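Listed below are the residues making up each chain.
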Amino acid sequence: MSETPLLEVENLRISFPTRTGVTQAVRGVSFTVGREKLGIVGESGSGKSMTGRAILRLVPPPGIVTADRLSFQGEDLLTLPEKRLRGIRGRRISMVMQDPKFSLNPVMTIGAQIAEAYRVHSSAGTAEAKRRALEMLEAVRIRNPERVYGLYPHEVSGGMGQRIMIAMMLIPNPDLLIADEPTSALDVTVQMQVLAIMDELCSSRGMGMIFVSHDLNLVASFCDRILIMYAGRVVETCRASELHAAKHPYTRGLLDSLPRLDDTRAELPVLARDPSWLEG
Amino acid sequence: MIDVRDLRVTFGHGADVVAAVQGVSFTVREGESFGLVGESGSGKSTVLRAVVGLNHDWTGSIAVAGAAQSRRREKGFFKSCQMVFQDPYGSLHPRHTIDRILAEPIAIHGLRDADARIDRVLRDVGLGPQFRFRYPHQLSGGQRQRVAIARALVLEPRVLLLDEPTSALDVSVQAEILNLLKRLRAEHALTYVLVSHNLAVVATMCDRLAVMNRGRIVEEMDVDALRRGAAREDYTRQLLRASQGYDRAAADSFKDFA
């Protein structure tokens, strides 16, 4: 972790007004991210994805986002005019979504999409953008970049699609990457390879990363630090290497309920949810 | 209980033909729980769909409960063999109540005492009678998967084919469903074939497993060997390695298996 954090979040709250009252998706979350890999873990509905989206002001209406502080390298992301925010979104903070099928434009070639991502954020010309796009495809270990450059998204596999997404998000050379379940649609071996690419890019460029996932074991082995979220709150923060020694009963319960390869337990322990966790 | 010999399944015609399953053979004994593992495109779900009669274009032989199966299944077949699908959001009719969903197989097979059967099967899967007249959208993912299991069990089959039954669920809910499936197998003396990409799930649920890659069975092993990590084939070893969390060095050493 570095001295000055890249991102500071204090008392983040996200609520959605509905017919039956206001639903609070995120209820007072605080954390900082430096040049490190921060994991956010939780089950569906824990608010982990919304937290990631709120950083880029991508919470869909009618969601209401408030925070005591939400700043990226000293700039207040909550009050920044939309025009200035566009200078940050995609360029200095970029986001990889879960499913490449829905994130890539189906009627544009892969190369054109990556080159566009570069040109929007720099003054480069077409030839320069193409050269950079090919370099980037190579950096995410796509074997034949020239061929893939001209393909359409439906012509590539899920694993390759996800690597293309990562290439597109990394081409403006961001300081912070928010990855929302970037590998959960992938096979385990491809997942490992994609993570290795992101890991390498993090360490070689000194990029910070927020890795949102539901997979405890994966986050524990990949990230530096972990936030565990439950019902819109952070219930526990720990170093990734110390996850196995987690103290909160929710974290413990989640870890116990995971089936293991060396399992000989006749029955998996079932998580008994304690209403007091909602307040913790 | 299930005997599959030299099963081949192809999709498409002419130049676009894809051989999804290329000569798969395995046997599942009565009361056994058998796992089929592999990555996407390995053909594991296709094998299951061929066994239950959802894929028609296959060659080889499939025998279930001692009866050789043709491409078309008799109605009676489904009384002994039922399937549970991966996605509980997609596999239940959104405009039918749970009662109607569970009553349909009973009506198709002309069984009596539908009322008592539905009541019993709902209790069996841990949902009380209060769920009977609800719609699927009023249930959580775990509850829907329980309904899908109830629908499979309402005909009192002997074989249950499970296609990734928990991969759409959160881990805490996954534990509940896996426990339920284990209990049901013990109580009803069921035979399971479980398809999963998750080796740990197979390790807790199954007695034996087959690892598939590109339409072929790479290796068959019992679950003790899996727990010890005693795989004979490189492909299985790589799969085992990849499911034990992120490891930079291991990721670099991965290769493609043709």
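With respect to the helices, strands and loops of the structure, A:Leu218 is situated in helix H9 (residues 216-222). Each C-alpha atom, one on A:Leu218 and one on A:Gln191, is 9.9 Å from the other, the two residues being 27 residues apart in sequence.

Turning our attention to the sheet that holds strand E7 (residues 93-96) of chain A. Residues and elements named next belong to chain A. If you walk across this open sheet you meet the 6 strands as E7-E8-E9-E3-E10-E11, and the pairing is mixed. One side of each edge strand has no neighbouring strand; the edge strands of this open sheet are E7 and strand E11 (233-239). Sheet twist, expressed as the mean angle between neighbouring strand axes with direction ignored, is 20°. Across 5 bridges, the pairing between strand E8 (residues 176-180) and strand E9 (residues 208-213) is parallel. Paired with Ile178 across the strands is Ile210, a residue of E9.

Here the focus is the nonpolar core. In this structure, A:Ile114, A:Ala167, B:Val51, B:Leu161 and B:Val193 are the most contacted members of the largest nonpolar core, which totals 159 residues. Here this core gets 8 residues from one element, more than from any other, and that element is helix H7 (residues 158-170) of chain A. Shared between two domains, this core takes at least three residues from each, and those domains are domain 1 (1-87 + 176-242 + 275-280) and domain 2 (93-171) of chain A. Setting aside its immediate chain neighbours within four residues, B:Val51 contacts B:Ile2, B:Val4, B:Ile62, B:Val64 and B:Leu161.

Moving on: helix H3 (residues 98-108) of chain B. An α-helical segment advances 3.6 residues per turn. Residues three or four places apart therefore align on the same side. All names here are of chain B. Here H3 has its buried residues at Ile98, Ile101, Leu102 and Pro105. Along the axis of H3, the buried residues cluster in a sector spanning 90°; they form a single face. Of the exposed residues in H3, the ones pointing more than 90 degrees away from its buried face are Ala107 and Ile108. Packing partners of the buried residues in H3 comprise helix H4 (114-124) and helix H5 (141-153). Gly110, located one to two residues past H3, shows a positive phi value of around 60°.

What follows covers the sheet that holds strand E9 (residues 208-213) of chain B. Residues and elements named next belong to chain B. Spatial strand order, E6-E7-E8-E3-E9-E10: 6 strands in an open sheet with mixed pairing. Only two strands of the sheet have a single partner each, and these edge strands are strand E6 (81-84) and strand E10 (216-222). Mean inter-strand twist for the sheet, computed between neighbouring axes without regard to direction, equals 20°. Relative to strand E8 (residues 191-196), strand E7 (residues 159-163) runs parallel, the two being bridged by 5 bridges. When the sheet's bridge partners are listed, Leu160 is paired in E8 with Tyr192. In the packing of helix H1 (residues 44-52) onto the sheet, contacts are made with strand E3 (33-38), E6, E7, E8 and E9, and the angle to E7 comes to roughly 150°. Contacts from H5 reach E6 and E7 within the one sheet, and its direction differs from that of E6 by about 170°.

All names here are of chain A. Domain boundaries assigned for chain A yield domain 1 (1-87 + 176-242 + 275-280) and domain 2 (93-171). One C-alpha centre belongs to domain 1, the other to domain 2, and the line joining them spans 24 Å. Facing the 22 residues of domain 1 at the interface are 16 residues of domain 2. Going through the elements one at a time, helix H1 (48-55), E8 and helix H8 (188-205) are the ones with two or more residues in the side of domain 1 that touches domain 2. Counting residues per element, the side of domain 1 that touches domain 2 draws most heavily on H8, at 6 residues. Of the residues that constitute the side of domain 1 that touches domain 2, the class distribution is 15 nonpolar, 4 polar and 3 charged.

A word on the interface of chain A and chain B. In this assembly, 29 residues from chain A lie in contact with 30 residues from chain B. Contributions of two or more residues to the side of chain A that touches chain B are made by H8, H9 and helix H10 (249-257) of chain A. Sort the elements by how many residues they give to the side of chain A that touches chain B and H8(A) lands first, with 7 residues. Class assignment of the residues belonging to the side of chain A that touches chain B gives a composition of 14 nonpolar, 8 polar and 7 charged.

Scoring rules and cut-offs
Residues numbered from 1 in each chain as written. Chains lettered and ligands numbered in written order. Predicted model: local features only at pLDDT ≥ 70, side-chain atom pairs only at ≥ 80, totals over all residues. Helix = DSSP H or I, 4+ residues; strand = E, 2+ residues; numbered from the N terminus. Pairing = 2+ DSSP bridges. Axes fitted to C-alpha atoms, helices over the stretch in contact; angles between N-to-C directions. Core = buried A, V, L, I, M, F, W, Y, C linked by C-beta atoms within 7 Å. Buried ≥ 20, exposed ≤ 12 C-beta atoms within 10 Å, placed from the backbone. Domains from an automatic or database assignment. Contact = placed C-beta atoms within 7 Å. Arc of directions from axis to C-beta. Nonpolar A, V, L, I, M, F, W, Y, C, P; charged D, E, K, R; others polar.

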